[in-house]
Amino acid sequence: MPYGYNGKILHVNLTSGELTVEEPPESFYRQYLGGSALNMHYLLTQMPAHADPLGPDNILALSVGVTTGAPVSGQSRMTSTAKSPLTGAIGDAQCGGFFPAEMKFAGFDAFIIKGRSPQPVYLWVNDGQYELRDASHLWGKITGEVEAILHEELGDKNIEVAQIGPAGETMVRYAAIINMSNRANGRTGMGAVMGSKNLKAVVVRGKKGKKKFTVANKQAIIDMARYGAKIIPESDVAGLGKYGTAETTGSQQVVGGLPSYNFNSGVFDEWEAIDGTTMYDTILRGADVDKQDLRGRDTCYSCTVRCKRVVEITEGPYKVDPHYGGPEYETTSTFGNYCGVGDLAAVAYANQVCNQYGMDTISCGATIAWAMECFENGKITTDDTGGIELKFGNAEAMVTMTEMIARGEGFGQLLGLGSAAAAEAIGRGTEEYLITSHKQEAPAHMPQLKSSLGVIYATNPFGADHQSSEHDAAYEKDFDSYAERLKVLDLTQPQPKRSLTPEKIRYAVQTQYIYSAMDSVNVCQFVYGPTWQLFHVDQLRDLIEYVTGWDITVPEIMTVGERRLNMLRAFNAREGIDREQDKLPEKMFKKALKGGRSDGLKVDRAQFEAALDEYYRQNEWDIETGIPTRHKLEALDLGWVAEMLKI
Amino acid sequence: MKINVTLHGILRDYLPRPAKGKTTLTLPDGARVAEVVQQLNITRSVSAAVNGEEAELDRVLQDDDQLQLFQLIGGG
Ligand code: SF4
């Protein structure tokens, strides 16, 4: 057996019910490392162009990476990839939790899922065995209920379940795939794709008590894990572990980078009510007896950072069951500051609804915030909303709307299409308030301040994304803290604040290759990365070597990242998507931010367009179209993709 | 002069737990943000706000200022 990976990929045809196993050679794994790059191989080779994202021709690929399941922090990640029903372009989303490691232990590296089952089914993969089972009795149920039924039905509490909730069944365009009832492949509507296929869940279990996973250098991995655990307290991720990702709320507020009121402002007066420190003091499980470090934090397989939140609220209008976890910074932002809601219980409750029904908290909260701005400007009225006063700051309306989207009720049904499609359906100038790129709602980081991130938002093949490159500050004023690590990537010339110089673009491009590779190896971007993360890029290289035995280099890893990015881009090109669609929301150019440190800031259009040219140039893509060139594709061993695109 | 300091997130751990990140320091006139960071033995890279506005570490403090300190995070 190879080190690190199983060498087995399960192909599932839901139309015919046929299940087959493919055993690719080692060179295949080294070419892609797993995850997103591996998924793209199948989407490009097996999916016809212009497939309906919610039709049987779409392929849903779920895969782990070569290091998934190793006993070290930050390796248990799974990527889902398919054509997105939200964006009409490529969709791609990662999750953590225990599912990814268990999937590896169950004997497979990927599930490639095609077709459409005539009735609801789930895929049960148990220690190398696999079957499709009836899921009629699970259809319509929320995630926690489904998990409980499956524990009972399969007689094993240690199974791991990646499932859709009712929102995936009704194909809310930003439906998520949820595991543990609180971890999500959140973005780009992968849950809707799963729902369109009548696939309720994928359930995995490795051999009981004995993990089927061999690594090349076990001792080195144990040493690395020990070292990681030892340095956490002094590292930059200590706060992330203790106070969660929402720890960052205050530092965003101070610089005017906390997107508020649907991105009209970079400050939110009530930020302290919803930040990570307040969450720690108030609603984390165990906070009442000062035991939240023990009882209010959760983790992913083998990770000692323990950044996941466990919230419990037993009183008041918004009760939260700890089974459904707790909100991340992105979620406190979209349901909180985007909507002007400074009510942490309401935010945690909306997060729970998303985890029960299976929805992306970013697109859900951001779509509601967009609708709120439309309402404030009279473009949407109570006639549309069914009487709900959808105003900024109205926590109750935010929660009600989240539930209506989840259940496909009334106005919620329209908002379940995503804000871009809803704006198209409503008209009346509502598109003016959109904050989407490639029809995907922007996450909680602001291109008005983080200028190179704006370029990534606009160009990223699966829409606005904050986890596809390193953010600007580390190559601006904060450079000194990260100089040593960035040197490994030959990034040694920090740039002025908000600049979009060729050197700044080089920083975005080079770190994008790293992030892109990390979504292929499938590692957590809090644990591995180019600047503030626990382990730096050299240590990611070490890990891959310790697990696989390959004598791999950082440039080789970055090439995998570049390869994956080009495959995503090529997929979109095949769908007729090119530079024309690489845009930031008009609002960011036209409307200056109000209040705080970022008062008056906009994105400069001329500077931004020039930066796009530079971005394509550095990627060696066609500047006019933004499509990868044959020369570049061939250099990445993707000549076959060039053939496919006839370029 | 007296400076009201609030430490956020992991920086709270530089004060005893019951303080929840809040303390009042008495400093000589002309003291700067960096001196507060030093006095509290904070060894992490920080960003600061004085009276709610972003401030550099060499910012001179005034009596009764509200100083907030945050851990510096490059990404997020
Ligand atoms: S840092 Fe957090 S999200 Fe990442 S693997 Fe660890 S617990 Fe999971």
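Thresholds, definitions, all that
- Residues numbered from 1 in each chain as written.
- Chains lettered and ligands numbered in written order.
- Predicted model: local features only at pLDDT ≥ 70, side-chain atom pairs only at ≥ 80, totals over all residues.
- Heavy atoms only, no water.
- Helix = DSSP H or I, 4+ residues; strand = E, 2+ residues; numbered from the N terminus.
- Buried < 20%, exposed > 50% of the residue type's maximum accessible area, 1.4 Å probe, protein only.
- Contact = heavy atoms within 4.5 Å.
- Areas by Shrake-Rupley, 256 points an atom, 1.4 Å probe, with all protein chains shown as cover.
- Phe/Tyr/Trp six-rings, centres within 6.5 Å; stacked < 30°, edge-to-face > 60°.
- Lys NZ or Arg CZ within 6 Å of the ring centre and 35° of its normal.
- Near = heavy atom within 4 Å.
- Nonpolar A, V, L, I, M, F, W, Y, C, P; charged D, E, K, R; others polar.
- Buried area = accessible area lost by both parts, 1.4 Å probe.
- Salt bridge = Lys/Arg side-chain N within 4 Å of Asp/Glu carboxyl O.
- Polar contact = N/O pair within 3.5 Å; in protein donor to acceptor, adjacent residues only side chain to side chain.
- Core = buried A, V, L, I, M, F, W, Y, C linked by side-chain atoms within 4.5 Å.
- Domains from an automatic or database assignment.

## What to know about the overall build of chain A
At step 1: Looking only at helices and strands, chain A features 27 helices and 16 strands.
At step 2: Counting all 647 residues of chain A, 67% fall into the buried class.
At step 3: Taking the intrachain contacts of chain A between residues at least 6 apart in sequence as the baseline, contacts between residues at least 24 apart amount to 68%.
At step 4: Carbon and sulfur atoms provide 47% of the accessible area of chain A, an area that totals close to 20,500 Å².

## Brief notes about the packing of aromatic side chains
Residues and elements named next belong to chain A.
At step 1: Summed over the entire model, instances satisfying the criterion amount to 23 aromatic pairs over all chains.
At step 2: Ring geometry for Tyr 615 against Tyr 616: centres 6.1 Å apart, planes inclined by 70 degrees, an arrangement best described as edge-to-face. Tyr 616 shares its class with Tyr 615; the two are buried.
At step 3: Taken together, the ring pairs connect Tyr 5, Phe 28, Tyr 29, Tyr 32, Tyr 42 and Trp 550 into an aromatic cluster.
At step 4: Positioned above the aromatic ring of Phe 589, the side-chain terminus of Arg 605 is 4.4 Å from the ring centre.

## Notes on the site of the ligand
At step 1: Taken together, the neighbourhood of the ligand is formed by Gly 74, Thr 299, Cys 300, Cys 303, Val 305, Arg 306, Cys 307, Lys 308, Cys 524, Phe 526 and Val 527 of chain A.
At step 2: Each residue belonging to the shell around the ligand can be placed in one class, and the counts come to 7 nonpolar, 2 polar and 2 charged.

## Here's the deal with unusual backbone geometry
Residue and element names in this part refer to chain A.
At step 1: Phi is positive for Asp 290, close to 55 degrees, though the residue is something other than glycine.
At step 2: Within the secondary structure, Asp 290 sits in the loop between α10 (276–282) and α11 (292–295).
At step 3: Here the phi dihedral of His 438 falls at roughly 50 degrees; this positive angle occurs in a residue that is not glycine.
At step 4: Along the chain, His 438 turns up in the loop between β15 (436–437) and β16 (440–441).
At step 5: What makes His 438 buried here is its relative accessible area of 10%.

## Topic: the environment of Gln 467 of chain A
All names here are of chain A.
At step 1: Mapped onto the fold, Gln 467 is located in the loop between α19 (451–459) and α20 (479–487).
At step 2: Since its relative accessible area comes to 27%, Gln 467 is described here as partly exposed.
At step 3: Measuring from C-alpha to C-alpha, the distance between Gln 467 and Tyr 457 comes to 9.9 Å, with 10 residues separating the pair along the chain.
At step 4: Residues contacting Gln 467, with those up to four places away along its chain left out, are Tyr 515, Asp 519, Gln 525 and Phe 526.

## Thoughts on the interface of chain A and chain B
At step 1: Of the residues lining the interface, 35 residues belong to chain A; the matching set on chain B comes to 22 residues.
At step 2: Taken together, both faces of the contact between chain A and chain B bury some 2,400 Å²; the carbon and sulfur share is 43%.
At step 3: On the surface where chain A and chain B come into contact, there are 5 salt bridges.
At step 4: Scanning the region where chain A abuts chain B turns up 12 residue pairs in polar contact (both at pLDDT 80 or more).
At step 5: Among the elements of the structure, α8 (238–243), α9 (249–255), α10, α11 and α20 of chain A are those that each provide at least two residues to the side of chain A that touches chain B.
At step 6: Split by residue class, the side of chain A that touches chain B holds 11 nonpolar, 9 polar and 15 charged.

## So, the nonpolar core
At step 1: In terms of nonpolar packing, the biggest core is built from 204 residues, with Ile 368, Trp 370, Leu 390, Met 398 and Tyr 528 of chain A together with Leu 69 of chain B touching the most fellow members.
At step 2: When near neighbours in sequence (up to four residues on either side) are disregarded, Trp 370 of chain A contacts Asn 262, Leu 415, Ser 419, Ala 422, Ala 423, Ile 426, Thr 430, Tyr 433 and Leu 434 of chain A.
At step 3: Within the second largest apolar cluster, 29 residues are counted, among which are Leu 10, Leu 19, Leu 60 and Leu 62 of chain A.

## Topic: the domain arrangement of chain A
The parts lose accessible area when they come together, and the size of an interface is often stated as this lost area.
All names here are of chain A.
At step 1: For chain A, the assigned domains read domain 1 (9–212), domain 2 (219–441) and domain 3 (451–583 + 604–645).
At step 2: Domain 1 and domain 2 are separated by 25 Å when their C-alpha centres are compared.
At step 3: Tallying the contact residues gives 37 residues for domain 1 and 36 residues for domain 2.
At step 4: Buried surface at the junction of domain 1 and domain 2, summed over both partners, amounts to about 3,000 Å²; 57% is from carbon and sulfur atoms.
At step 5: Along the contact surface separating domain 1 from domain 2 lie 2 salt bridges.
At step 6: Residue Arg 187 pairs with Asp 360 through a salt bridge whose shortest N-O separation is 3.0 Å.
At step 7: Taken together, the links from domain 1 to domain 2 amount to 22 residue pairs in polar contact (both at pLDDT 80 or more).
At step 8: Contributions of two or more residues to the side of domain 1 that touches domain 2 are made by α3 (99–105), α4 (143–154) and α5 (166–169).
At step 9: In terms of residues, the side of domain 1 that touches domain 2 owes the most to one element, α4, which gives 4 residues.
At step 10: Of the residues contributing to the side of domain 1 that touches domain 2, the split by class is 16 nonpolar, 16 polar and 5 charged.

## With respect to the environment of Glu 328 of chain A
Residues and elements named next belong to chain A.
At step 1: Position of Glu 328 among the secondary structure elements: in the loop between β14 (308–309) and α12 (329–336).
At step 2: Taking the C-alpha atoms as reference, Glu 328 lies 5.5 Å from Thr 245; in sequence the two are 83 residues apart.
At step 3: Other than its neighbours up to four places away in sequence, Glu 328 contacts Thr 245 and Lys 308.

## Let's talk about the pattern of salt bridges
All names here are of chain A.
At step 1: Scanning the model with the defined rule gives 38 salt bridges over all chains in all.
At step 2: Ionic pairing is found between Asp 384 and Arg 428, a salt bridge with its closest N-O pair at 3.0 Å. Of this pair, Asp 384 sits in helix α15 (residues 382–385) while Arg 428 sits in the loop between α18 (419–426) and β15; the two residues are 44 residues apart in sequence, bridging distant segments of the chain.
At step 3: For Asp 384, a relative accessible area of 22% puts it in the partly exposed group.
At step 4: Across the salt bridge formed by Asp 472 and Lys 504, the nearest N and O atoms sit 2.8 Å from each other. With Asp 472 in the loop between α19 and α20 and Lys 504 in helix α21 (residues 502–521), the pair connects residues that are 32 residues apart, well separated along the chain.
At step 5: In this structure Asp 472 comes out as buried when scored by relative accessible area, which is 1%.
At step 6: On the basis of relative accessibility, which here comes to 0%, the residue Lys 504 falls in the buried class.

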